Amino acid sequence: MTNSESVQNLARESVANETGVTTAVPSYDGEDTSECTALELRAFYSFGTEGYSALAIAVFFPIILQSLAAYEAVQTKDRSQPCKVEGAYSCEVLIGSTYVDTSSLVLYATSISVFLQFILFSSLGSVADYGPNRKKFLMFFGYATGILGFCLAFVVKTSMYWVAFLIYIFSNTFFGASFVFFYSWVPILSKYSSEVIESRNNPNLTDAEKYLVSDRVSNDISSKGFLYGYIAGVGQLILAAAFVVVMGDSMKGYPTVYPMQLCISAICIWHIAVLFFYTNRHLKSRPGPPLPVGKNYILFSLQNLYKSISEAKQQPELFKFLIAWFIYSDAFSTVVNIAILFAQANLGAGIVLLLSGAIIVPFGAGVGNILWIKFQNHYKFTTVQILRIQACLYLLMPLYGLIGFFAPFGLVSSVELLPLALFHGLLLGATQSSCRVLFSELLPPGHESEFFGLYEITDKGSAWVGPLLVALITQFTGNMRWSFIFIALMFLVPISIFSRIDVLKGKKEAKAYADKQKQHKL
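Now for a quick tour of the structure. (Residues numbered from 1 in each chain as written. Predicted model: local features only at pLDDT ≥ 70, side-chain atom pairs only at ≥ 80, totals over all residues. Heavy atoms only, no water.)

Per the secondary structure count, the chain includes 19 helices and five strands. Relative to the compact-globule value of 24 Å for 522 residues, the chain shows a C-alpha radius of gyration of 24 Å, a close match. Dimensions of the chain, computed from the C-alpha atoms along their principal axes, are close to 80 × 45 × 40 Å. Counting only residues that meet the buried cut, the chain has 55% of its 522 residues in that class. At a minimum sequence separation of 6, the contacts of the chain that also span at least 24 residues come to 79%. (Helix = DSSP H or I, 4+ residues; strand = E, 2+ residues; numbered from the N terminus. Rg over C-alpha atoms; globule rule 2.2 N^0.38 Å. Buried < 20%, exposed > 50% of the residue type's maximum accessible area, 1.4 Å probe, protein only. Contact = heavy atoms within 4.5 Å.)

Right, let's get into the packing of aromatic side chains. The final tally for this structure, using the stated rule, is 32 aromatic pairs. On the basis of an interplanar angle of 25 degrees and a centroid distance of 4.7 Å, the ring pair of Y254 and Y258 is categorised as stacked. Classification of Y254 as partly exposed rests on a relative accessible area of 41%. A centroid spacing of 5.5 Å and a plane angle of 40 degrees characterise the contact between F375 and F381, whose relative ring orientation is tilted. Lying across the ring of W185, R134 places its NZ or CZ 5.6 Å from the centre. (Phe/Tyr/Trp six-rings, centres within 6.5 Å; stacked < 30°, edge-to-face > 60°. Lys NZ or Arg CZ within 6 Å of the ring centre and 35° of its normal.)

Turning to the state of the cysteines, a few remarks are in order. One pass over the full model with this rule turns up one disulfide. Sulfur-sulfur distance for the disulfide between C83 and C91 comes to 1.9 Å. Handedness of the C83-C91 disulfide follows from its S-S torsion of about 80 degrees: it is right-handed. Note on C83: relative accessible area 12%, which makes it buried. In this structure C263 is a free cysteine whose sulfur lies 11 Å from that of C268, the closest cysteine sulfur available. (Disulfide = S-S within 2.5 Å.)

Attention now goes to helix α2 (residues 38–47). Burial of α2 is extensive: seven of the 10 residues sit out of reach of the surface. Taken as a whole, α2 has its buried residues at E40, L41, A43, F44, Y45, S46 and F47. Check the buried side of α2 and you find it contacts α5 (133–150), α6 (161–183), α7 (185–191), α9 (207–247) and α10 (258–282).

Further remarks concern the pairing of strand β5 (residues 98–101). Each regular strand shows side chains that alternate between the opposite faces of the sheet. In terms of strand pairing, strand β4 (residues 91–95) meets β5 through four bridges, oriented antiparallel. Residue pairing for β5: L94 is matched across the bridge by Y99. (Pairing = 2+ DSSP bridges.)

If you want it as structure tokens, here you go:
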């Protein structure tokens with residue numbers, strides 16, 4: 001690229017307006033380059049207060065699904081006897097002509113929903129970068145999640161457990177879809193923040209210094225998004241736990257978990273209300289360029305996905321991250337998926353203990369986001385360095401569980417649950433934020449939703465594997481603890497890959513990719 005072309009590119013990216021405030025210059029007709037305001041950021045953060053992930057997916061759905069199925073199941077050791085849903089138990093439910101462990105059944109449902117997310121992301125991911133689709137898809141799938149979750153209140157008999165499973169599968173699918181578009185806003189909001197625009201337009205800053213500004217702003221937006229979500233999740237879990245404990249078994253004629261079902265329905269009403277009255281009104285559309293004339297949405301997205309995967313190899317650092325993320329995301333999401341099931345079925349944890357752990361996790365995640373950012377800023381670690389540390393700490397969890405095979409500790413007692421829940425929480429939100437920020441720094445400008453679609457597809461392309469293999473291991477061994485060996489291996493591989501990622505080199509590769517795409521469109 002010549003010096004004159006470099007100057008022209010800088011000019012297209014940002015200029016100073018008449019008031020002296022640095023603003024971005026549109027690179028296509030209809031681009032909204034206005035500065036990101038505090039109100040717009042609050043609207044973005046409001047989406048993350050849904051409570052569905054912290055309350056429904058992480059806690060109540062596993063308990064509800066396993067309990068409903070268990071009441072229609074038989075004992076594993078004696079199929080002539082009905083399941084005793086108390087303490088530690090092992091039961092199977094007849095699906096067609098096959099008996100399936102109730103814990104495995106929940107994990108199979110998770111695998112199905114995640115695989116459906118993979119199909120959905122593949123079909124729509126790239127289209128969100130064009131026109132107003134990013135916001136439209138965000139709102140549509142958010143509303144769909146809320147409506148489906150609300151319907152759980154109509155499952156009033158244990159024999160309707162299959163309806164609850166369908167609600168879980170499809171609401172989880174739509175929820176995951178909504179979050180792929182939610183994540184794609186981070187680089188957009190960061191790009192139009194005044195601090196990033198000013199640094200990009202400052203000739204006295206080196207590329208490395210500009211990266212640090214962008215990295216810090218992206219981290220701030222991402223971390224606050226998780227923090228506010230976890231604060232809301234803790235509050236909602238406390239209220240829900242109080243409601244469940246107070247109601248107890250007082251709702252005669254309904255499933256014992258029906259109070260939890262009502263809590264999910266209530267949280268979905270909250271989600272719909274926030275979307276309608278706040279997020280939709282104040283989050284700017286910030287449309288992308290128009291979709292090429294004559295293009296079919298699904299075919300266009302699939303073609304772009306194929307192109308993104310093919311051309312990701314032209315960005316070796318991004319490609320390395322995607323390989324690591326493919327495995328790492330499955331590892332910690334599998335920990336999330338099996339935590340409640342293991343505690344309930346293997347340790348005989350009661351509802352009060354389970355809810356206490358459920359409250360501690362998002363509380364720890366919120367605190368962890370703050371502590372990790374302070375730790376990172378104090379020691380001036382980059383995001384990739386922080387991610388390496390977090391992954392190493394996460395590896396300790398399955399290793400600790402394996403100790404339980406030969407020691408009087410190592411997840412053999414319900415007493416150990418709460419400290420581990422706190423440890424898990426302190427890592428969960430922070431490592432999700434670190435991954436999202438690192439990826440946003442490596443992706444090509446102007447291709448946010450397309451590559452965040454690839455990010456989610458990479459996630460969901462593997463995230464069904466962990467629960468499926470854990471379900472099979474549990475089904476054939478009768479002990480979920482054996483799956484900790486598999487989970488430990490899933491942490492070791494990405495740790496090795498993260499240590500080989502060069503972020504500055506990756507950013508240059510991303511810019512070269514974006515410039516190449518612009519030239520092809522001219």
